[in-house]
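Commentary on secondary and tertiary structure
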Amino acid sequence: MRQAGRYLPEYREVRSQAGGFLDLCYSPKLACEVTLQPIRRYGMDAAILFSDILVVPHGLAQQVAFKEGEGPVLDPIRNASELKRLSLDGFHERVAPVYETVSRLAEALPKETTLIGFAGSPWTVATYMAEGGGSKEFVAVKRWAYGDPEGFAQLIDLLVEATIAYLKRQAEAGAEVLQLFDSWAGVLPEPAFRRWCIEPTRKIIAALKGSHPDIPIIGFPRGAGTLCHDYAMETGVDAVSLDTSMEISWAARTLQPKLPVQGNLDPILLVAGGEALDREADRILEGFSGGAHIFNLGHGVTQTTPPENVERLARRLRADG
């Protein structure tokens, strides 16, 4: 997850050349380079496209910026009447550099390295669109979703349509696997989780499978807890990512007999390194040894991760495999 991120010195060098963060996402040459960097260093089995989930609202003509030390800042949309500021017209033209990046990566990656394309899931993307950035309490987006569900559904439906179009183009450009990140799925109570996480994801996957029936799709409902089972069974995902808090024995017993699971090392253990990292990696490998498992983190690599710890983990996983 977030393979290049901000922890590699070679990434920071490229980042300094790019200007703004969106400039980096929209520069096929540079985005391709930072996607390849961890593959060159560690020989990982898969590369994930370097981009950002907020490319989709930007493609819908919402104002999006990334401010140093502050993160993403968006011109918020908080009711149905403000949806007129968004448009699918010109969407593909605005995000076209991402498709070029995918195409370049498909040519540049070793044949044995899988290329993963991705998008944010509608609920998570909607949180940023309504809050105007990151949030801890999600007051604006929840107020809209709870107080005017019909109006909020218009935003979700628009995001479903845009996400389908966006991921189809990634698949056509050469992505071999697709992943949907629902990073804020865990902030919703069960009825809202079913309406705003499961149902939109089901629609996206049904559409993608209609046009690309053989492409595997991974879903990541972060924080969903035991609702992860219903998400996995009802959305049509081919594999499910597990966050750091997910109990391994429960997931191995409940999820793994039905589909592959991915996860779920705490990213801070990758920062800490040493024997603590080794022990937890071994525990995860042993816990999921009875079925299909993709070793990964329970969330993204953090900025302070020492590259030598990633190398240590990669060596250990290769030795185990």
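Analysis parameters
- Along each chain, the written sequence defines residue order, and numbers are assigned to residues from 1.
- Only residues with pLDDT of at least 70 get local features here, since the model is predicted, and only at 80 or more are side-chain atom pairs given and counted; chain-wide, interface and lining totals rely on the full set of residues.
- Side-chain figures throughout are based on the complete set of non-hydrogen atoms in the structure, without hydrogens or water.
- UniProt positions are given in the numbering used here, feature names are shortened, and annotations may be inferred rather than shown by experiment.
- Strands are runs of DSSP state E lasting at least 2 residues, helices are runs of H or I lasting at least 4, and numbering of each runs from the N terminus.
- The definition of a polar contact used here is a pair of N or O atoms within 3.5 Å, where within protein one atom must be able to donate a hydrogen and the other to accept one, and adjacent residues in sequence count solely through side-chain atom pairs.
- What makes two residues a contact is simply this: any of their non-hydrogen atoms within 4.5 Å.
- We call two strands paired when DSSP finds no fewer than two bridges between them.
- The convention used is that axes are lines fitted to C-alpha atoms, helices contributing only their stretch in contact, and that angles between N-to-C directions extend from 0 to 180 degrees.
- Stacked, edge-to-face and tilted are the three classes for Phe, Tyr and Trp ring pairs, Trp counted by its six-membered ring, which pair at centre distances within 6.5 Å; planes under 30 degrees apart are stacked, over 60 edge-to-face, the rest tilted.
- Note on exposure labels: buried denotes an accessible area under 20% of the residue type's maximum, exposed denotes more than 50%, and partly exposed covers the range between, all computed with a 1.4 Å probe on protein chains only.
- As a working rule, the residues Ala, Val, Leu, Ile, Met, Phe, Trp, Tyr, Cys and Pro are called nonpolar, Asp, Glu, Lys and Arg charged, and the rest polar, with Gly in that last group.
- Here is the rule for handedness: rotate from the far helix to the near one, and if that takes an anticlockwise turn smaller than a right angle the crossing is left-handed, while a clockwise turn gives right-handed.
- Any helix carries an expected span of 1.5 Å times its number of residues minus one.
- What is called the bend at a residue is the angle between a pair of axes, fitted to the seven residues leading up to and ending at it and to the seven starting from it.

Under the annotation held in an unreviewed UniProt entry, the protein chain carries the name Uroporphyrinogen decarboxylase and is attributed to Oceanibaculum indicum P24. Per UniProt, the comment on the protein chain under Subunit (unreviewed entry) is "Homodimer."

**As for the side chain of N264**
Structurally, N264 is set in strand β8 (residues 261-265). Within polar-contact distance, the side chain of N264 engages the backbone oxygen of D243 at 3.1 Å. In terms of polar contacts, N264 uses its side chain to reach the backbone carbonyl oxygen of M246, at 3.2 Å. With residues up to four places along the chain from it excluded, the contact list for N264 reads L242, D243, T244, M246, I248, I284, F288, N296, L297 and G298.

**Describing the sheet that holds strand β6 (residues 217-221)**
One open sheet holds the 7 strands; their spatial order is β1-β4-β5-β6-β7-β8-β9, and the pairing between them is parallel. At either end of the open sheet lies a strand with only one pairing partner, and these are β1 (46-48) and β9 (293-297). Adjacent strand axes in the sheet meet at a mean angle of 25 degrees when their direction is disregarded. Pairing between β8 and β9: 5 bridges, direction parallel. Paired with L265 across the two strands is L297, which belongs to β9. Together, β5 (177-182) and β6 form the strand contacts of helix α9 (residues 190-211), whose direction differs from that of β5 by roughly 165 degrees. Sitting on the sheet, helix α10 (residues 227-235) is in contact with β6 and β7 (239-241), with an inclination near 155 degrees to β6.

**What about the packing of aromatic side chains?**
For any pair of aromatic rings, the description rests on two quantities: the centre-to-centre distance and the angle between the ring planes. Per the stated rule, a full pass over the model turns up 11 aromatic pairs. Ring geometry for Y99 and Y166: centres 6.0 Å apart, planes at 50 degrees, overall tilted. Of the two residues, Y99 is situated in helix α5 (residues 91-108) and Y166 in helix α8 (residues 149-173); the sequence distance between them amounts to 67 residues. Exposure class is identical for Y99 and Y166. Each is buried.

**Things to note about the environment of T114**
Within the secondary structure layout, T114 lies in strand β4 (residues 114-120). For T114, a relative accessible area of 28% puts it in the partly exposed group. The spacing of T114 and T35 is 79 residues in sequence and 12 Å in space, taken between C-alpha atoms. Once residues within four sequence positions are removed from consideration, T114 is found in contact with D45, A46, A47, E176 and V177.

**Concerning the packing of helix α7 (residues 139-147) against α8**
For the pair α7 and α8, interaxial distance at closest approach is 5 Å and the crossing angle is 115 degrees. Across the interface between the two elements, V141, W144, A145, Y146 and G147 from α7 touch P149, G151, F152 and L155 from α8. Of the residues in the contact of α7 with α8, the class split is 7 nonpolar, 2 polar and no charged.

**Looking at the packing of helix α13 (residues 274-287) against helix α14 (residues 307-320)**
The contact between α13 and α14 brings their axes to 11 Å, and the two run at 35 degrees. Here α13 and α14 pass one another in a crossing that is right-handed. Across from G274, E275, L277, D278, A281, D282 and L285 in α13, the residues of α14 making contact are N309, R312, L313, R316, L317 and D320. Among the residues forming the contact of α13 with α14, the class breakdown is 5 nonpolar, 2 polar and 6 charged.

**Topic: unusual backbone geometry**
Omega for the peptide link from G263 to N264 comes to -10 degrees, which places this bond in the cis form. Residue A61 is not a glycine yet carries a positive backbone phi of 85 degrees. With respect to the helices and strands, the residue A61 is situated in the loop between α4 (55-59) and β2 (64-67). A positive phi angle, near 60 degrees, is found at F138, a position not held by glycine. Inspection of the secondary structure puts F138 in the loop between α6 (122-131) and α7.

**A word on the environment of R143**
Within the secondary structure layout, R143 lies in helix α7. Sequence-wise, R143 and E70 are 73 residues apart; in three dimensions their C-alpha atoms are separated by 24 Å.

**Quick look at α5**
With 18 residues, α5 should cover 26 Å at 1.5 Å per step; its first-to-last C-alpha distance of 26 Å lies within 8% of that length. Maximal helix bending in α5 amounts to about 45 degrees, located at P97. Among the residues of α5, F91, V95, P97, V98, Y99, T101, V102 and L105 are the ones counted as buried. Buried residues along α5 sit against α2 (21-25), α3 (28-42), α4, β4 and α8.

**Quick word on the UniProt feature "site: Transition state stabilizer" (unreviewed entry) in the protein chain**
As recorded in UniProt, the feature "site: Transition state stabilizer" (unreviewed entry) lies at D52. Inspection of the secondary structure puts D52 in the loop between β1 and α4. Polar side-chain contacts of D52 include one of 2.9 Å to the backbone nitrogen of L54.

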